[in-house]
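Structural description and commentary
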Amino acid sequence: MEFQQEEAAKDRDLVEAVNREAGELIRLLRCSQAPDQVLATATEHIQAAMKSLAPYLRQGEGWSTISIASDTPGLGWLEDDLTRCMPYSPVSGTCNPVAPPIRMWRDGDEVRGEVVFSPTYAGPPNSVHGGIIAAVFDELLSMANVISGNAGFTGTLSIRYQRHTPLDRPIELWAVNERTSGRKLFCRGEMRVDGQVTASAEGLFIRPATQMDS
Ligand SMILES: CCCCCCCCCCCC(=O)SCCNC(=O)CCNC(=O)[C@H](O)C(C)(C)COP(=O)(O)OP(=O)(O)OC[C@H]1O[C@@H](n2cnc3c(N)ncnc32)[C@H](O)[C@@H]1OP(=O)(O)O
């Protein structure tokens, strides 16, 4: 059992490492102005990598179509690493190359975290795209629900963009589940840079109905 867990951890390290490299590849493609010959060679390398991965493609079932880790042995969520809850998430998943490098952890009843957005996620000049900010709040507030023991689907998410959220600087993340009323979960969150709020969010999440609710 211990051995299996070690193997699972080793495999996860490999999966996370290749996803980090792919994220860096996306940043280089987004930001480099390489000459044609370099682009042509890079295309060949990428095609070779795609060819080696293609035989192992899974489609239309289980982990390959959801972000949570429920059917993935060895991938639980940890209080000091809430990203383990959704390893395939496009927002925080360490096994998804489009996700920015987010860390989230539990601090009592609250979620805290940190993220640095590369220009892959740029919107206005030197700033993070507003849709990306909304996506991060969706995830962050969801984690506030998860640690409260009451996960749900996003019903309504409202963002107040108070000032530009900068690229390439550590952004502090904070969220809390403020109250629960029946199946409704009310959450709040903030992004801060050097202690100053750049964006805040309020979310109403709906817990799926169970027999207990009828
Ligand atoms: C375990 C999960 C793991 C989740 C694991 C973590 C994954 C997190 C992923 C990140 C979060 C996401 O992106 S989630 C993906 C984005 N969200 C979605 O796709 C949700 C799409 N919407 C739906 O599927 C549905 O509308 C639901 C499930 C939200 C609600 O449907 P329902 O269950 O039939 O609820 P219903 O009886 O109609 O309503 C119950 C009460 O909630 C209110 N209500 C219903 N919808 C909304 C709404 N959008 N905004 C405000 N309020 C609403 C109703 O007025 C009612 O209030 P009253 O009359 O009782 O007062």
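For clarity, every value in this text was computed on a predicted model and none was experimentally measured.

**A closer look at the overall build of the protein chain**
- What the protein chain contains, in helices and strands, is three helices and six strands.
- In sequence order, the protein chain lays out its α and β elements as α-α-β-β-α-β-β-β-β.
- Principal axes of the C-alpha set define a box for the protein chain whose edges measure 60 × 50 × 30 Å.
- The buried share among the 214 residues of the protein chain stands at 32%.
- Considering only contacts in the protein chain between residues 6 or more positions apart, those separated by 24 or more positions represent 56%.
- Both charge centroids of the protein chain, one from 20 positive and one from 28 negative side chains, sit 6 Å from each other.

**Quick word on the side chain of Arg192**
- Looking at the element boundaries, Arg192 is found in strand β5 (residues 184–193).
- Ignoring anything within four residues of it in the chain, the contact list for Arg192 reads Arg112, Pro170, Ile171, Glu172, Trp174, Val197 and Thr198.

**With respect to the site of the ligand**
- Around the ligand sit 13 residues in total, of which Asp138, Thr154, Thr156, Arg183 and Lys184 are the nearest.
- Those elements that place two or more of their residues in the shell around the ligand are α3 (130–148), β3 (153–161) and β6 (196–206).
- Classifying every residue of the shell around the ligand by side-chain character gives six nonpolar, four polar and three charged.

**Quick word on the domain arrangement of the protein chain**
- Partitioning the protein chain into domains gives domain 1 (1–56) and domain 2 (82–206).
- One C-alpha centre belongs to domain 1, the other to domain 2, and the line joining them spans 26 Å.
- The interface is formed by ten residues belonging to domain 1 together with ten residues belonging to domain 2.
- Counting every contact that joins domain 1 to domain 2 gives zero salt bridges.
- For the interface between domain 1 and domain 2, the tally reads two residue pairs in polar contact (both at pLDDT 80 or more).

**Comments concerning the sheet that holds β3**
- One open sheet holds the six strands; their spatial order is β1-β2-β4-β5-β6-β3, and the pairing between them is antiparallel. The sheet terminates laterally at β1 (102–107) and β3, the two strands that pair on one side only. Ignoring strand direction, the axes of neighbouring strands in this sheet form an average angle of 20 degrees.
- Where strand β2 (residues 110–115) meets strand β4 (residues 171–181), six bridges bridge the pair, whose relative direction is antiparallel. Bridge pairing in β4 links Val111 to Ala175.

Each value, and the rule that gives it
- Residues numbered from 1 in each chain as written.
- Predicted model: local features only at pLDDT ≥ 70, side-chain atom pairs only at ≥ 80, totals over all residues.
- Heavy atoms only, no water.
- Helix = DSSP H or I, 4+ residues; strand = E, 2+ residues; numbered from the N terminus.
- Buried < 20%, exposed > 50% of the residue type's maximum accessible area, 1.4 Å probe, protein only.
- Contact = heavy atoms within 4.5 Å.
- Lys, Arg positive; Asp, Glu negative; His and termini not counted.
- Charge placed at Lys NZ, Arg CZ, Asp CG, Glu CD.
- Near = heavy atom within 4 Å.
- Nonpolar A, V, L, I, M, F, W, Y, C, P; charged D, E, K, R; others polar.
- Domains from an automatic or database assignment.
- Salt bridge = Lys/Arg side-chain N within 4 Å of Asp/Glu carboxyl O.
- Polar contact = N/O pair within 3.5 Å; in protein donor to acceptor, adjacent residues only side chain to side chain.
- Pairing = 2+ DSSP bridges.
- Axes fitted to C-alpha atoms, helices over the stretch in contact; angles between N-to-C directions.

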